[in-house]
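In case you want the letters, here they are:
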Amino acid sequence: MKKSDSGSSNLMKFVLPIGSLKEGNHHYQFEIDDSFFADFEDSIIEQAKLDVELELQKRASLLELHFDLKGYIQTQCDRCLENMDLGIEDHQRMLVKYSESLEDDLEVSYIPFGSQELNVSTFIYEFAHLNIPITKTHEDIGEDCPVDLESFLEDEEEQQTSSVWDTLKDLKTD
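All figures in this text were calculated on a predicted structure; none of them were measured in a lab.

Colleague: So what exactly am I meant to see when it comes to the packing of aromatic side chains here?
Modeller: Two aromatic rings are characterised by how far apart their centres lie and by the angle between their planes. Tallying each qualifying case throughout the model produces 10 aromatic pairs. Ring centres 4.2 Å apart and planes at 20° place the aromatic pair Phe-40 and Tyr-125 in the stacked group. Note that Phe-40 is positioned in the loop between α1 (34–38) and β3 (47–58) and Tyr-125 in helix α2 (residues 121–130), a separation of 85 residues in sequence. Taking the relative accessible area as the measure of exposure, Phe-40 reaches 2% and is therefore buried. On the basis of an interplanar angle of 70° and a centroid distance of 6.2 Å, the ring pair of Phe-67 and Phe-123 is categorised as edge-to-face. Taken together, the positions of Phe-67 in strand β4 (residues 62–76) and Phe-123 in helix α2 put the pair 56 residues apart, joining distant regions of the chain. We note that Phe-67, like Phe-123, is buried. One aromatic cluster is present, formed by Phe-14, Tyr-28, Phe-30, Phe-36, Phe-37, Phe-40 and Tyr-125 through successive ring pairs.

Colleague: Just checking my understanding: could you explain the layout of surface pockets for this structure?
Modeller: The probe, sized like a water molecule, is rolled over the atoms to show the empty space still left. Size it by volume and the second largest pocket reaches roughly 150 Å³. Every residue along the wall of the second largest pocket is listed here: Ile-44, Ile-45, Glu-46, Gln-47, Ile-73, Gln-74, Thr-75, Asn-83, Ile-132 and Lys-136. Looking at which element gives the most residues to the lining of the second largest pocket, the answer is β4, with three residues. Looking at the lining of the second largest pocket residue by residue, the classes come out as four nonpolar, four polar and two charged.

Thresholds, definitions, all that
- Residues numbered from 1 in each chain as written.
- Predicted model: local features only at pLDDT ≥ 70, side-chain atom pairs only at ≥ 80, totals over all residues.
- Heavy atoms only, no water.
- Phe/Tyr/Trp six-rings, centres within 6.5 Å; stacked < 30°, edge-to-face > 60°.
- Helix = DSSP H or I, 4+ residues; strand = E, 2+ residues; numbered from the N terminus.
- Buried < 20%, exposed > 50% of the residue type's maximum accessible area, 1.4 Å probe, protein only.
- 1 Å grid on protein atoms, 1.4 Å probe; cavity = no way out; pocket = protein on both sides within 12 Å on 5 of 7 lines; lining within 4 Å.
- Points joined across faces, edges and corners; volume = space filled by probe spheres on them.
- Nonpolar A, V, L, I, M, F, W, Y, C, P; charged D, E, K, R; others polar.

What follows is the structure in structure tokens.
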């Protein structure tokens with residue numbers, strides 16, 4: 001998913017020093033823009049402006065992360081193909097547990113015992129992508145499509161239909 005395993009300097013600000021944190025609540029804020037998504041291969045998001053607030057609660061055996069994402073991503077309307085700003089507002093909860101087994105599941109991510117850092121960029125990347133609806137239209141943002149593609153297609157269909165009937169009328173039957 002990432003372009004480089006060493007990590008981009010842009011993504012380094014998403015590395016949290018969990019080893020030096022005391023137990024309790026810790027608050028982080030991040031501003032996400034186009035450069036964030038450029039650091040990931042195959043990202044379908046190219047332009048965005050998101051504010052992310054992260055509330056991290058550190059406990060002895062786990063970390064509880066609460067992400068609040070607000071902002072927009074630029075995407076293409078599936079109906080008229082015009083660009084539009086799709087609003088994003090989401091809250092996600094993630095648990096990170098210390099374990100020997102490092103197999104992640106949907107709500108729990110595992111890190112080795114004694115880990116000193118946690119990079120949350122992948123979590124933010126995934127949460128942003130999960131907020132993109134399957135079908136994106138201007139109706140999602142409370143607007144009408146600026147290009148009335150449906151009436152254009154209806155006009156084209158009428159022209160094609162009438163030309164077919166005109167051709168059939170000219171056929172001579174013997």
